[in-house]
Amino acid sequence: MSSNEKDGRKVIAENRRARHEYFIEDAIEAGLVLTGTEVKALREGKANIAESYASPEEGDIWLINANIPEYSAGNRENHEPKRKRKMLLHKREIARLAQAVDRKGYTLVPLRLYFNDRGIAKIEVGLAQGKKLHDKRDTSKERDWTRQKQRLLRERG
């Protein structure tokens, strides 16, 4: 199993800054409506979700600003790299997420874009609340202290 595969998932893109910038309350797996050239570009391992977000619009949840570059062997029918992409969720999930975003001030942050064990492109979206500067400092202090403890245990262990 390669380093970008986790429990049958072939990870294409990961948003590592999300856990630094936000408190992730809940994570939801969703499908994506993609064109053929988008899927082929994803199979080449080309995608970037670092600056993207999800937003409830028109009764659906949309992935906005995700960059899937054009397929290298594509022709004039190639896709637009940063177009809005519809996320596939159940109606109850859409209603719950839209309500959390509207009323409670949460944000929908893409965490991971991957192919599942059946080869279908999925996106993991986190229901997140933004961290303040002092929260980020606390997180980094906690991480540094954990590393320090591990080093001490290895040295004495």
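By convention here, each chain's residues receive numbers from 1 onward along its written sequence. Totals for whole chains, interfaces and linings use all residues, but because this is a predicted model, local features are given only for residues with pLDDT of at least 70 and pairs of side-chain atoms are given and counted only at 80 or more. Derived side-chain values reflect all non-hydrogen atoms in the structure, with water molecules and hydrogen atoms excluded from consideration.

Student: How should I be thinking about the overall build of the protein in this particular structure?
Tutor: Numbering of helices and strands starts at the N terminus; helices are DSSP runs of H or I of at least 4 residues and strands are runs of E of at least 2. The helix and strand inventory of the protein stands at four helices and eight strands. By principal-axis analysis of the C-alpha atoms, the protein measures approximately 60 × 40 × 25 Å. In the protein, the proportion of contacts linking residues at least 24 apart, taken out of those at least 6 apart, comes to 66%. Only the protein chains shown count as cover for residues, and the accessible areas themselves come from Shrake-Rupley with a 1.4 Å probe. Total accessible area computed for the protein in this model is approximately 10100 Å², and 45% of it derives from carbon and sulfur atoms. Contacts were defined at the residue level, with two residues in contact if any of their heavy atoms lie within 4.5 Å.

Student: Quick question: what am I supposed to make of the pairing of strand β5 (residues 60-64) here?
Tutor: For a regular strand, side chains alternate in direction, first toward one face of the sheet and then toward the other. Summarising burial for β5: five of the five residues are buried, a large majority. Each residue's exposure class comes from its accessible area (1.4 Å probe, protein chains only) as a fraction of the maximum for that residue type: buried when under 20%, exposed when over 50%, partly exposed otherwise. Neither face of β5 is left uncovered, since the one carrying D60, W62 and I64 and the one carrying I61 and L63 both have all their residues buried. By this definition, two strands are paired if DSSP reports at least two bridges between them. Sheet topology note: the strand β4 (residues 53-57)/β5 ladder contains five bridges and is antiparallel. When the bridges of β5 are listed, P56 appears paired with I61. Remark: two residues form the turn of the hairpin made by β4 and β5, two consecutive strands paired antiparallel; E58 in that turn has positive phi of roughly 55°.

Student: What is the right way to look at the packing of aromatic side chains in this model?
Tutor: The relative placement of two aromatic rings is captured by the distance of their centres and the angle of their planes. By convention, a stacked pair of Phe, Tyr or Trp rings (six-membered ring in the case of Trp) has centres within 6.5 Å and planes under 30 degrees apart, an edge-to-face pair has planes over 60 apart, and any other such pair is tilted. The full count for this structure, using the stated rule, is zero aromatic pairs. For a lysine, the NZ atom is tested; for an arginine, the CZ atom; a charge sits over a ring if that atom is within 6 Å of the ring centre and within 35 degrees of the ring normal. For R43, the ring lying beneath its charged end belongs to F115, and the centroid distance is 4.2 Å.

Student: Is there a simple way to think about the pairing of strand β7 (residues 107-115) in this case?
Tutor: Taking burial as the measure, the nine residues of β7 include eight buried ones, the bulk of the element. With eight bridges joining them, β7 and strand β8 (residues 121-130) adopt antiparallel strand pairing. If you follow R112 over to β8, its bridge partner there is E124. Between β7 and β8, which pair antiparallel in sequence order, lie five residues; one of them, G119, sits at a positive phi of approximately 85°.

Student: How should I be thinking about the nonpolar core in this particular structure?
Tutor: One recurring pattern in soluble globular proteins is that nonpolar side chains are buried together. Among buried residues, the Ala, Val, Leu, Ile, Met, Phe, Trp, Tyr and Cys ones that are joined through side-chain atoms within 4.5 Å form a nonpolar core. In terms of nonpolar packing, the biggest core is built from 26 residues, with I61, M87, L113 and I123 touching the most fellow members. Setting aside anything within four residues of it in sequence, one finds I123 in contact with I28, E29, A30, L32, L63, M87, P110, R112 and L113.

Student: Please clarify how unusual backbone geometry should be interpreted in this entry.
Tutor: Negative phi values dominate among residues other than glycine, just as trans dominates among peptide bonds. Positive phi values are uncommon outside glycine, yet E58 reaches one of about 55°. Relative to the assigned elements, E58 resides in the loop between β4 and β5. Positive phi is not limited to glycine here, since N65 has a value of about 70°. Tracing the sequence through the fold places N65 in the loop between β5 and β6 (85-88). The exposure class assigned to N65 is partly exposed, which follows from its relative accessible area of 26%.

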